[in-house]
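Read off the chains here:
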Amino acid sequence: MGKAKQWIDPYDQMNRDQQTIKRAVKEHWEAEPCEVRAGKSKSDSRRFFQEIDDYRYGKNPFIASFAKFQGAHNLRVLEIGLGSASDFIRWARNGAELWGRDLTQASVELTRERLALEGLNANVATGDAEALDLPSDYFDVVYSYGVLHHTPNTPQAIREVYRVTKPGGTARVMIYNARGLVFFYEWLVLCLVQRKLFRNIREAVFYHNESLGTKLYTTKQARKLFSQFSSVQIRTMVTHGDALDWELSDRYRRVRLIRVLKYLARPVKYLRPLIPSALGAFMLIEATK
């Protein structure tokens with residue numbers, strides 16, 4: 001086991017009232033699980049989920065190669081944070097012995113519905129990433145995509161990831177990259193709207209991106225977060241967000257300035273192949289215990 005390095009939390013001041021933040025995180029994702037807005041066919045469950053999947057993997061085709069769904073047969077896999085269950089159902093289809101935990105009942109219900117539609121089974125329940133109700137040294141793969149930067153105590157959540165991963169097992173985690181272009185855009189636009197130009201990018205994202213308390217990390221900080229693991233590989237990926245090619249949530253669709261700027265920025269999506277990976281918003285971490 002690697003020796004953990006001292007963690008200096010860049011969010012120490014903003015993150016004082018963690019219970020309030022966790023309640024806000026839960027309320028946000030209960031109201032709208034990740035990417036559920038891409039599902040338009042509410043009356044046809046299969047088509048509804050297919051629309052969500054088409055959006056997710058069309059915008060981010062690298063997810064499958066990172067997750068390695070096809071290698072999951074007979075492996076014990078835990079997914080932390082279920083969203084609309086796009087990734088979870090792929091673990092199930094590929095024969096994983098599967099567990100799923102999410103802070104929200106909404107995502108748990110969506111996941112159970114997807115499993116039932118395909119006659120698949122998994123251990124799915126609500127749960128807190130910072131205090132998992134699961135055994136230590138148990139899972140071959142612990143997977144969490146775009147989730148752990150939302151929980152108030154991200155270092156504690158990653159300690160839990162380490163605890164439940166078995167020796168020789170792998171954690172595959174995506175968290176947000178502080179150098180991502182999309183967060184610069186958000187700082188520029190949101191601080192104009194809020195008239196708070198004195199806020200830095202971390203503050204803008206913490207208070208205005210998705211749920212309250214969203215955090216960004218540099219690759220150096222990510223290595224410290226995962227320093228208990230014996231080996232850590234990190235790469236950053238340019239996303240549809242960095243190319244301004246995403247569907248606005250209801251929260252931002254109501255702001256006329258944001259709608260106008262997004263409309264004017266439509267040509268940027270064609271520049272996505274030219275954006276350096278270091279400026280990608282998604283940080284993909286593969287850590288071996």
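Here, the structure is the one placed above.
Quantities reported herein were computed from a predicted structural model and do not represent experimental measurements.

> Mind laying out the pairing of strand 7 (residues 282–288), listing which residues take part and the relevant values?
Within strand 7, five of the seven residues are buried, which leaves it mostly tucked inside the rest of the structure. Judged from the seven bridges that link them, strand 5 (residues 165–176) and strand 7 form a sheet pairing that is antiparallel. Bridge pairing links Ile175 to Met283 in strand 7.

> Go over the nonpolar core with me, naming the residues and quoting the values.
Counting residues in each nonpolar core, the largest one holds 72 residues, and the members touching the most others are Leu78, Trp91, Tyr145, Leu148, Ile175 and Phe226. Among the nonpolar cores identified, the runner-up in size contains five residues, and Val36, Phe48, Phe49 and Leu110 belong to it.

> Explain the environment of Ala129 to me, and be specific about the residues and the numbers.
Examined against the element boundaries, Ala129 turns out to sit in the loop between strand 3 (123–126) and strand 4 (139–145). Note: C-alpha distance between Ala129 and Gln156 (27 residues apart in sequence) is 8.3 Å.

> Describe the environment of Tyr138, listing the residues and the values that go with them.
With respect to the helices, strands and loops of the structure, Tyr138 is situated in the loop between strand 3 and strand 4. On a C-alpha basis, the gap between Tyr138 and Arg76 in space is 7.6 Å, while along the polypeptide they are 62 residues apart. Sequence-distant contacts of Tyr138, that is, excluding residues within four places in its chain, are made with Arg76, Trp99, Val164, Thr165 and Lys166.

> Hey, could you go over the packing of aromatic side chains for me, with residue numbers and the actual values?
Scanning all chains against the criterion turns up 21 aromatic pairs. Aromatic side chains Tyr145 and Phe282 sit 5.9 Å apart centroid to centroid with 85° between the ring planes, which places their arrangement in the edge-to-face category. Within this pair, whereas Tyr145 is found in strand 4, its partner Phe282 is found in strand 7, the two being separated by 137 residues in sequence. With relative accessibility at 9%, the residue Tyr145 sits in the buried group. Here Phe282 falls in the buried class, since its relative accessible area comes to 11%. Among the aromatic residues, ring-to-ring pairing joins Phe62, Phe66, Phe69, Trp91, Tyr143, Tyr145, Tyr176, Phe183 and Phe282 into one connected group. For Lys289, the ring lying beneath its charged end belongs to Tyr162, and the centroid distance is 4.4 Å.

> Got a sec to walk through the pattern of salt bridges? Specific residues and values, please.
Inspection of the entire model under this criterion finds 17 salt bridges. Between Lys22 and Asp128 there is a salt bridge whose closest N-O contact spans 2.7 Å. One end of the pair, Lys22, is in helix 1 (residues 18–31); the other, Asp128, is in the loop between strand 3 and strand 4, and 106 residues separate them in sequence. Among the ionic pairs, Glu118 bridges to Arg93, the shortest N-O distance being 2.6 Å. One end of the pair, Glu118, is in the loop between helix 5 (105–117) and strand 3; the other, Arg93, is in helix 4 (residues 86–93), and 25 residues separate them in sequence. Given a relative accessible area of 33%, Glu118 falls into the partly exposed group. On the basis of relative accessibility, which here comes to 41%, the residue Arg93 falls in the partly exposed class. What you see here is one network of salt bridges that share partners, running through Lys22, Asp128 and Glu130.

Reading guide: rules and limits
- Residues numbered from 1 in each chain as written.
- Predicted model: local features only at pLDDT ≥ 70, side-chain atom pairs only at ≥ 80, totals over all residues.
- Heavy atoms only, no water.
- Buried < 20%, exposed > 50% of the residue type's maximum accessible area, 1.4 Å probe, protein only.
- Helix = DSSP H or I, 4+ residues; strand = E, 2+ residues; numbered from the N terminus.
- Pairing = 2+ DSSP bridges.
- Core = buried A, V, L, I, M, F, W, Y, C linked by side-chain atoms within 4.5 Å.
- Contact = heavy atoms within 4.5 Å.
- Phe/Tyr/Trp six-rings, centres within 6.5 Å; stacked < 30°, edge-to-face > 60°.
- Lys NZ or Arg CZ within 6 Å of the ring centre and 35° of its normal.
- Salt bridge = Lys/Arg side-chain N within 4 Å of Asp/Glu carboxyl O.

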